[in-house]
Amino acid sequence: LKGNSKRTVMTMTSALTCILTASFEELWTPFMEWTKKSRDMIDGTSKQFYSIAEIETQLESAQKMELALVELSEWTDRLAAKLDRARAFEAEAWNAIRACTQPVMMGAGDEDDCILTLKILKDEASPSSLGNCLATADHPYMINLNPLGRHTRDSSSGLTMPSSLTRGVINDSIVVRRWILDLNQAKVVRERTTFVQDIIQRYVTLPQLPTPPSSNGLVGAAAANPSAILAANTKDSITILSSSCYSYNHIIGNAESRLHGSSKGNSPHDLFLRTKEGVSSMLAELVRLPVLSVVEEKLHMRE
């Protein structure tokens, strides 16, 4: 009987151990998987990107954990902070994208606030350190998020779509803003012909920016498209610049021809630009033009 009792106890102990082990693994394994994924979401130690919706789901799933004695606040607080920054980042980015097509409002020598903001946002979301180091003060939360905004809903179809806010859109906004700053420079200062021509040529290749969502997350015709605003705001300026750049080619060409001839010929016509009076007369004609030509700069050297 003693042998049978001992075997019975051992059998019951083994069975209880198996039951407890299975129960423990059933509870503990999801927790370990959850913490591993949370750590990666927070620190960006892997090369994986996550969406804001995935961060929200991860945070909500913590409430379903059945380990009453395990403290999850270390993870949930950091996930919540990441989510808060992601939402604030999205609002800041869309505001900067809206502003990037607006006219320049700054004094001479001032930095443009819009392009500074876009560059800061670009650096914060830069994935260059992803997989190489933990999230730092310089790259705290955004390095492993993609896209950089929440899902949106199309106002006409009602379909939910991924956010159009990406790192590429921020880069495109910087390109657009730099073009507007150059355009403003050409409007207020007599610039070289090549500089003005470059502005005109870049205009047709400017990237198209997406329409920011409205405050309720809808994307549709009611929201103003930045690229459409840009086209409306700069149409007249481009027309004026084009006229300034190309309408005076005959005057500039004539000055170039006469300057070239003055270095070789000996006729009265050629000798004209070898005199101070001749140079001053030609400059008087060129300085009235809205653009600065190379020949004008060369004549200034002769003056």
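Residues numbered from 1 in each chain as written. Predicted model: local features only at pLDDT ≥ 70, side-chain atom pairs only at ≥ 80, totals over all residues. Heavy atoms only, no water.

Undergrad: When you look at the overall build of the protein in this model, what are you seeing that I'm missing?
TA: Across its full length, the protein carries 11 helices and three strands. Going residue by residue from the N terminus, the α and β elements of the protein occur as α-α-α-α-β-β-α-α-β-α-α-α-α-α. Relative to its full complement of 303 residues, the protein shows a buried share of 37%. Expressed as a percentage of contacts within the protein between residues at least 6 apart in sequence, the contacts between residues at least 24 apart total 66%. Carbon and sulfur atoms provide 56% of the accessible area of the protein, an area that totals close to 17,700 Å². (Helix = DSSP H or I, 4+ residues; strand = E, 2+ residues; numbered from the N terminus. Buried < 20%, exposed > 50% of the residue type's maximum accessible area, 1.4 Å probe, protein only. Contact = heavy atoms within 4.5 Å. Areas by Shrake-Rupley, 256 points an atom, 1.4 Å probe, with all protein chains shown as cover.)

Undergrad: Looking at this structure, how should I read the nonpolar core?
TA: Proteins that are soluble and globular tend to have nonpolar side chains buried together. Core analysis: the biggest nonpolar cluster contains 48 residues, and Phe89, Leu145, Leu148 and Trp179 have the highest contact counts within it. Of all the secondary structure elements, the ones that give two or more residues to this core are helix H1 (2–43), helix H2 (52–61), helix H3 (73–99), helix H4 (113–124), helix H5 (167–188), helix H6 (193–203) and helix H7 (226–246). In this structure Leu145 touches Phe49, Tyr50, Ser51, Ile52, Ile55, Lys82, Ala86 and Arg167, once residues within four positions along its chain are discounted. Within the second largest apolar cluster, 12 residues are counted, among which are Ala255, Leu259, Val279 and Leu289. (Core = buried A, V, L, I, M, F, W, Y, C linked by side-chain atoms within 4.5 Å.)

Undergrad: What is the right way to look at the packing of H5 against H6 in this model?
TA: Think of two packed helices as two axes; the pair is described by the angle between the axes and how far apart they sit. Across the interface, H5 lies against H6 with an axial gap of 10 Å and an inter-helix angle of 140°. In terms of their interaxial angle, H5 and H6 are classed as oblique. Crossing angle aside, the handedness with which H5 passes H6 is left-handed. From H5, Arg178, Trp179, Asp182, Leu183, Gln185 and Ala186 reach across to H6, where they touch Phe195, Val196, Ile199, Arg202 and Tyr203. When its residues are assigned to classes, the contact of H5 with H6 shows seven nonpolar, one polar and three charged. (Axes fitted to C-alpha atoms, helices over the stretch in contact; angles between N-to-C directions. Parallel < 35°, antiparallel > 145°, perpendicular 65-115°, else oblique. Left-handed = near helix turned anticlockwise from the far one by under 90°. Nonpolar A, V, L, I, M, F, W, Y, C, P; charged D, E, K, R; others polar.)

Undergrad: Help me understand the pattern of salt bridges in this model?
TA: Opposite charge on two side chains permits them to pair, given that their charged atoms come into close proximity. In this structure the tally under the stated criterion is 10 salt bridges. Close ionic contact of Arg177 with Asp112 constitutes a salt bridge, the shortest N to O distance being 2.9 Å. Residue Arg177 is found in helix H5, and its partner Asp112 is found in the loop between H3 and H4; the two are separated by 65 residues along the sequence. Exposure class is identical for Arg177 and Asp112. Each is buried. The network of salt bridges with common partners includes Arg85, Glu92 and Glu124. (Salt bridge = Lys/Arg side-chain N within 4 Å of Asp/Glu carboxyl O.)

Undergrad: Would you take a moment to explain the side chain of Glu191 for this structure?
TA: Examined against the element boundaries, Glu191 turns out to sit in the loop between H5 and H6. The charged side chain of Glu191 is buried without a salt bridge, its nearest counter-charge being Arg192 at 5.5 Å. Aside from chain neighbours lying at most four places away, what touches Glu191 is Gln185, Ala186, Val196, Val291 and Leu292. (Lys, Arg positive; Asp, Glu negative; His and termini not counted.)

Undergrad: Mind showing me how you'd approach H4 here?
TA: Structurally, the α-helix is built with 3.6 residues per turn, so residues lying three or four positions apart point the same way. With 12 residues, H4 should cover 16 Å at 1.5 Å per step; its first-to-last C-alpha distance of 17 Å lies within 8% of that length. Along H4, the residues that are buried comprise Cys114, Ile115, Leu118, Leu121 and Glu124. In this structure, the buried residues of H4 make contact with H3 and H5. (Expected span 1.5 Å × (residues − 1).)

Undergrad: Explain the confidence of the model for the protein here, please?
TA: Interpretation of this model should avoid reading the predicted coordinates in detail wherever pLDDT is low. When pLDDT is averaged along the protein, the result is 82; 77% of the residues meet or exceed 70. Mean pLDDT values over the elements of the protein span from 48, in strand S3 (residues 218–219), up to 95, in H5. Across residues 131–139 the pLDDT falls below 50, and counting only partners more than four positions away or on other chains, this stretch makes 16 contacts in the model. (pLDDT = per-residue confidence, 0-100.)

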